[in-house]
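Each chain, letter by letter, is given below.
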Amino acid sequence: EAGVVQSPRYKIIEKKQPVAFWCNPISGHNTLYWYRQNLGQGPELLIRYENEEAVDDSQLPKDRFSAERLKGVDSTLKIQPAELGDSAVYLCASSPDLYNSPLHFGNGTRLTVT
Amino acid sequence: GESVGLHLPTLSVQEGDNSIINCAYSNSASDYFIWYKQESGKGPQFIIDIRSNMDKRQGQRVTVLLNKTVKHLSLQIAATQPGDSAVYFCAENEDGYNKLIFGAGTRLAVHP
């Protein structure tokens, strides 16, 4: 099966600019997650979706971050405006359901804010 | 390529030896645990999982041990190969709904 697909692979922007990341989960996976991974650390959850509903966005910095999964398949994560501290790898993952099942990760988008 | 973890603890082993990577988890209520492997420039890759009603689970060349008394998880890799070189993360499911909390990670370096 095809894995989780993310684009772009790399993104370099200046601070205060907007940026968007796109994710296509594994076909049939209802649950989608966005994680952020800082250098030298494990991934940290930003938001998780069950179909098109955000079931947990408690760790998403809502002043500048937004996400959507309008048709319950693809998802977009946006940052506006970006700050220097947003430089990280943004990982998307999907799983068949919301209960105790392994997450399958994409290769991420490496964001550098200058 | 980019490095996943520049300042992670490192376990160095000789090719063919067995490796043991340890992890302490934080939430005694966590009931599902996963080990992931992350190579440079890639996303975490699922290796093996274990539920809290088990204390051991085996896969191909890998074994996960769970000690709930001391909140400790370990990953054993048999006959370690150069392709096993990566950063390894344990993750605990904190709320039963796939809210995975990742540990800090351990870099495994396999020497020929």
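Since the model is a prediction, treat every value here as computed from it, not as a measurement. (Residues numbered from 1 in each chain as written. Chains lettered and ligands numbered in written order. Predicted model: local features only at pLDDT ≥ 70, side-chain atom pairs only at ≥ 80, totals over all residues. Heavy atoms only, no water.)

Colleague: Summarise the overall build of chain B; cite the residues concerned and give the values.
Modeller: Along its length, chain B carries zero helices and ten strands. Taken from N to C terminus, the helices and strands of chain B fall in the order β-β-β-β-β-β-β-β-β-β. Here the C-alpha radius of gyration of chain B, 14 Å, is about what a compact globule of 112 residues would show, namely 13 Å. With the C-alpha coordinates of chain B rotated into their principal frame, the extents come out at 40 × 25 × 20 Å. Sorting the 112 residues of chain B into buried and exposed places 45% on the buried side. (Helix = DSSP H or I, 4+ residues; strand = E, 2+ residues; numbered from the N terminus. Rg over C-alpha atoms; globule rule 2.2 N^0.38 Å. Buried < 20%, exposed > 50% of the residue type's maximum accessible area, 1.4 Å probe, protein only.)

Colleague: I'd like to hear about the pairing of strand 3 (residues 19–24) of chain A, residue by residue, with values.
Modeller: Residue and element names in this part refer to chain A. Taking every second residue as pointing to the same face, the buried face of strand 3 carries Val19, Phe21 and Cys23, while none of Ala20, Trp22 and Asn24 on the other face is buried. Pairing of strand 1 (residues 5–7) with strand 3, which is carried by three bridges, proceeds in the antiparallel orientation. Bridged to Val5 within strand 3 is Asn24. Judged from the five bridges that link them, strand 3 and strand 8 (residues 75–79) form a sheet pairing that is antiparallel. Residue Ala20 lies in a different strand from strand 8, and its bridge partner there is Lys78. (Pairing = 2+ DSSP bridges.)

Colleague: Go over the state of the cysteines with me, naming the residues and quoting the values.
Modeller: All names here are of chain A. Tallying each qualifying case throughout the model produces two disulfides over all chains. One disulfide bridge connects Cys23 with Cys92, the sulfur atoms lying 1.9 Å from each other. Between Cys23 and Cys92 the disulfide shows an S-S torsion of about -70 degrees. By sign, it is left-handed. One end of the pair, Cys23, is in strand 3; the other, Cys92, is in strand 9 (residues 88–95), and 69 residues separate them in sequence. Comparing Cys23 with Cys92 shows no difference in burial state: the two are buried. (Disulfide = S-S within 2.5 Å.)

Colleague: Account for the packing of aromatic side chains, naming residues and giving values.
Modeller: Summed over all chains, the structure comprises ten aromatic pairs over all chains. Taking 6.5 Å as the distance between ring centres and 40 degrees as the angle between the ring planes, the aromatic pair formed by Phe65 of chain A and Tyr90 of chain A counts as tilted. Separated by 25 residues along the polypeptide, Phe65 of chain A in strand 7 (residues 65–68) and Tyr90 of chain A in strand 9 bring together distant segments of the chain. Grouping aromatic residues by their ring pairs yields a cluster made of Tyr35 and Phe105 of chain A together with Tyr36, Phe46, Phe89 and Phe102 of chain B. One residue, Arg9 of chain A, lies across the ring of Tyr10 of chain A, its end atom 5.4 Å from the ring centre. (Phe/Tyr/Trp six-rings, centres within 6.5 Å; stacked < 30°, edge-to-face > 60°. Lys NZ or Arg CZ within 6 Å of the ring centre and 35° of its normal.)

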